[in-house]
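Commentary on secondary and tertiary structure
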Amino acid sequence: MTTGLKQLKNMNYKQLDNLAEAIRWELVDSVSKTGGHLSSNLGIVELTIGLHRVFDSPKDRILWDVGHQAYVHKILTGRESEIHTLRQLDGISGFPKRRESPHDTYDAGHSSTSIGAALGMAAARDLKGENKNIIAVIGDGSLTGGPAFEALNNVENLGTKVIIVLNDNGMSISRNIGGLSEHLGKLRTSSGYITAKRRVRKAVQKVPGVGDKLTEAIINAKDRVKYALLSGGVVFEELGLTYLGPVDGHNIKDVVSILEQAKNARGSVLVHVITQKGKGYGPAEDNPDLFHGIGPFDKETGIPFGGTKETYSDVFGNKLLEMAEEHEEIIGITAAMMDGTGLKECKERFPKRIFDAGIAEAHSIIFAAGAALEGMRPVVVIYSSFLQRAYDELMEDVCLQNLPVIIGIDRAGVVGQDGETHQGIFDLSYLLPMPNMTVLAPADGEELREAMDYAYSLEGPVAIRYPRGKADLSIRKEAFAGKNIRIREGKDVEILALGTILGRAVEAAVILKTKGIDAGIVNVAMVKPFDEKVVNTKSKLIVTVEDNVEAGGFGEMITCLYPDKKVLRIAWPDKFIEQGKTEELFQRYKMDVRGIAERIEKEIEGKA
């Protein structure tokens, strides 16, 4: 299947339907081998074909919110032959990347940014006197994020034209919640409003010479019809957008027709498209959450490869469930990641005490602060790279007030194949400077459970960081109780191993022993406040090893604590880390077992 954009524009609708079917099965085949975001892409096949049929990319700018649904776009814009490298080391990204193609107009990976970026592009277009369309494709889940609302609020004020395509599948990753989701549900069945609106427009156009006066006269009547039919009104039109839809997003002819209307409209337009996540592949239709972001799987059965060993997210969720059963003041909060963060069972057991704030990380933290002030013990669980969006709220609302809020930082450290936008390697650098914040980094699943108990015992904010993946056991001599634990003694080198990197440090010490280098190891689960007494300052070299960027991280903190000691900091370099399997990235940057041993040996020998 090789289809260029020019060929796409000349196909008849039967051929386009066949193309959609072929793309759908190519997606299933490819993602079953590489892993990736399958259900969101299966749901947007016909819409993507329609967008490229109507608009002229890359002259016309198409922005994909989050961007995990751009696989079809990549296939249609010349990257079909590379789709087998999707999310692989040095392969094509699972998100739009401007370095890959001129058709990728905006690097995305976090939600709710497309409308704001589209407005910026449209303003630049107008200032330069250019003639091109700016189209933001945003899901109903992403529309719950604050930046999307801020951008919508700015549309009418700017007076420019953008086309917003609302891909409404009723989901973000988990099922959508909130007033906006309910509003969209009403719009999906509001054909009466659209019909009435068209009749009014036609009637006005038939009256020669007085159309403008009639239009002004019927505004109030139109609003009454709108509110009567929708019980709350079309919020988008109140914000200065012309609302078109809803339309069946799996009918290419209808999609093309409504996009043509949007293209020819004078002002900004919102096109409401109804799609089904996982469309056309039974297992993904039945379980769209699972296939939102999935590893390799058997395409015949839809069963993932790799077994069912407990993940760190599972450990956190199961332990939180135990704690919630014992302490009724504990509440759980997540930002549209109920399944991904392991809170699904908690929600089922305590439906009134587990809250999904939507894709709104900043709001989640403020919500937690308010609850803590009223005597609750909030536990907020957010992916590391998404927590960046709530930096100010962590500082001002939680730490400044010294509130007992526990932050579960899921996917801390390098996460692998989602690449630069999702690597959780910055949280230590922005958490460590926050006054009142306690930072914990357990080494394995059992220590994570112990760390959660310890966090509950404190009266201030606590952040617990843990990685993506299976909760393997490491070598620990005693349970965590708020202090760092020495794993082994050594006179030459003192290795301070932070969190789950402990296992690599232990194996590296074995290699060093064969080189005549005696390495001591400390399991650093208590990152802040740090107990300086645990460190053997008589060793020739202190080595810090962390799954975080070097800049501002744990290693820099140790360098400041021991200004007279030689410190080797092993961490991620000052750059955005590319996609690839986690172990491939550790090897590339010499942070795997052998790399750690070699770097320490060179430092000891003065060859670094």
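Note that the structure is predicted; figures quoted are calculated from it, not measured.

Reading the values: the criteria
- Residues numbered from 1 in each chain as written.
- Predicted model: local features only at pLDDT ≥ 70, side-chain atom pairs only at ≥ 80, totals over all residues.
- Heavy atoms only, no water.
- Buried < 20%, exposed > 50% of the residue type's maximum accessible area, 1.4 Å probe, protein only.
- Helix = DSSP H or I, 4+ residues; strand = E, 2+ residues; numbered from the N terminus.
- Pairing = 2+ DSSP bridges.
- Phe/Tyr/Trp six-rings, centres within 6.5 Å; stacked < 30°, edge-to-face > 60°.
- pLDDT = per-residue confidence, 0-100.
- Contact = heavy atoms within 4.5 Å.
- Salt bridge = Lys/Arg side-chain N within 4 Å of Asp/Glu carboxyl O.
- Expected span 1.5 Å × (residues − 1).
- Polar contact = N/O pair within 3.5 Å; in protein donor to acceptor, adjacent residues only side chain to side chain.
- Axes fitted to C-alpha atoms, helices over the stretch in contact; angles between N-to-C directions.
- Patch = residues over 30% accessible without salt bridge, like charges linked within 9 Å, V, L, I, M, F, W, Y side chains within 5 Å.
- Areas by Shrake-Rupley, 256 points an atom, 1.4 Å probe, with all protein chains shown as cover.
- Lys, Arg positive; Asp, Glu negative; His and termini not counted.
- Charge placed at Lys NZ, Arg CZ, Asp CG, Glu CD.
- Core = buried A, V, L, I, M, F, W, Y, C linked by side-chain atoms within 4.5 Å.

In terms of burial, strand β9 (residues 406-410) is largely enclosed, as 5 of its 5 residues are buried. With burial as the criterion, each face of β9 is covered, one bearing I406, G408 and D410 and the other bearing I407 and I409. Direction of pairing for strand β8 (residues 377-383) relative to β9: parallel, over a ladder of 5 bridges. Bridge pairing links V380 to I407 in β9.

What follows is about the packing of aromatic side chains. Summed over all chains, the structure comprises 14 aromatic pairs. On the numbers, 5.2 Å between centres and 20 degrees between planes, the contact of F316 with Y466 is stacked. A residue pair is termed long-range when its members are at least 10 positions apart, and F316 in helix α14 (residues 312-326) and Y466 in the loop between β11 (462-465) and β12 (485-488) qualify at 150 residues. Considering the side-chain rings of W572 and Y589, the 5.6 Å spacing of their centres and the 75 degrees angle between planes classify their relative orientation as edge-to-face. Here Y589 lies in the loop between α23 (582-588) and α24 (593-604) and W572 lies in strand β17 (residues 567-572), a separation of 17 residues in the sequence. Residue class for Y589 comes out buried when judged on its relative accessible area of 16%. An aromatic cluster of three or more residues is present, and its members are W25, Y281, F291 and F297.

Interpreting fine coordinate detail is not advised for predicted regions of low pLDDT. On average, residues of the protein chain carry a pLDDT of 89, and 88% of them reach 70 or more. The low-confidence segment residues 171-179, where pLDDT is below 50, has 32 contacts with residues more than four positions distant or belonging to other chains. For residues 221-233, every residue scores under 50 in pLDDT, and the model assigns this stretch 20 contacts once sequence neighbours within four places are set aside.

This paragraph deals with the pattern of salt bridges. Taken as a whole, this structure holds 32 salt bridges when the rule is applied. One connected set of salt bridges, linked through shared partners, spans K319, E322, E446, R449 and D453.

When the terminal C-alpha atoms of helix α20 (residues 445-457) are compared, their 19 Å separation across 13 residues agrees well with the 18 Å that a helix rising 1.5 Å per residue should span. Listed as buried for α20 are G445, E447, L448, E450, A451, M452, Y454, A455 and Y456. Capping of α20 at its N-terminal end is provided by D444; its side-chain oxygen lies 3.3 Å from the backbone amide nitrogen of E446.

Glancing now at the sheet that holds β9. With mixed pairing, the 7 strands of this open sheet are ordered in space as β7-β6-β8-β9-β11-β10-β15. Each end of this open sheet is capped by a strand with a single partner; those strands are β7 (354-356) and β15 (526-528). Ignoring which end each strand starts from, the neighbouring axes of this sheet average 20 degrees apart. Relative to β11, strand β10 (residues 438-440) is paired through 3 bridges, and the arrangement is parallel. Residue pairing in the sheet places V439 in a bridge with A463 of β11.

Moving on, we come to the sheet that holds strand β3 (residues 163-168). Taken in spatial order, the 5 strands make up an open sheet running β1-β2-β3-β5-β4, and their pairing is parallel. Only two strands of the sheet have a single neighbouring strand rather than two, namely β1 (61-64) and β4 (242-248). Strand-to-strand twist of the sheet, defined as the mean angle between neighbouring strand axes without regard to direction, takes the value 20 degrees. Relative to strand β5 (residues 269-274), β4 is paired through 5 bridges, and the arrangement is parallel. Paired with D248 across the bridge in β5 is I274. Here helix α4 (residues 45-54) sits on the sheet in contact with β1, β2 (134-139), β3 and β5, set at roughly 160 degrees to β1. Running over the sheet, helix α12 (residues 252-264) touches β3, β4 and β5 and is turned about 170 degrees from β4.

Let us look at the pairing of β2. By the criterion of burial, β2 is predominantly enclosed, with 6 of the 6 residues buried. Residue alternation in β2 divides its side chains into two sets, I134, A136 and I138 and I135, V137 and G139, and both sets are buried. Two elements, β1 and β2, share 4 bridges in a ladder whose sense is parallel. Bridged to W64 within β2 is V137. With 5 bridges connecting them, β2 and β3 associate as parallel partners. Within the sheet, the bridge partner assigned to I135 lies in β3 and is I163.

The next point concerns a negative patch on the surface. A surface patch of like charges, here negative, comprises E310, D314, E345 and E348. Inspection of the secondary structure assignment puts E310 in the loop between α13 (282-286) and α14.

Between S57 and the following residue, P58, the backbone shows a cis peptide bond with an omega angle of 10 degrees. If you trace the backbone, P58 turns up in the loop between α4 and β1. In the Ramachandran plot, S112 falls in the positive-phi region, its phi being about 75 degrees despite a non-glycine side chain. Positionally, S112 belongs in the loop between α5 (71-79) and α6 (114-128). You will see that R411, though not glycine, has its phi angle at about 60 degrees, which is positive. If you trace the backbone, R411 turns up in the loop between β9 and α19 (427-431).

The next point concerns the nonpolar core. Counting residues in each nonpolar core, the largest one holds 49 residues, and the members touching the most others are I23, L27, I49, L51, V165, L259 and V271. If we ignore the near neighbours within four places in the chain, the residues touching L259 are G50, L51, V54, F55, V165 and V271. Residues A372, I407, M434 and I558 belong to the second largest nonpolar core, which totals 44 residues.

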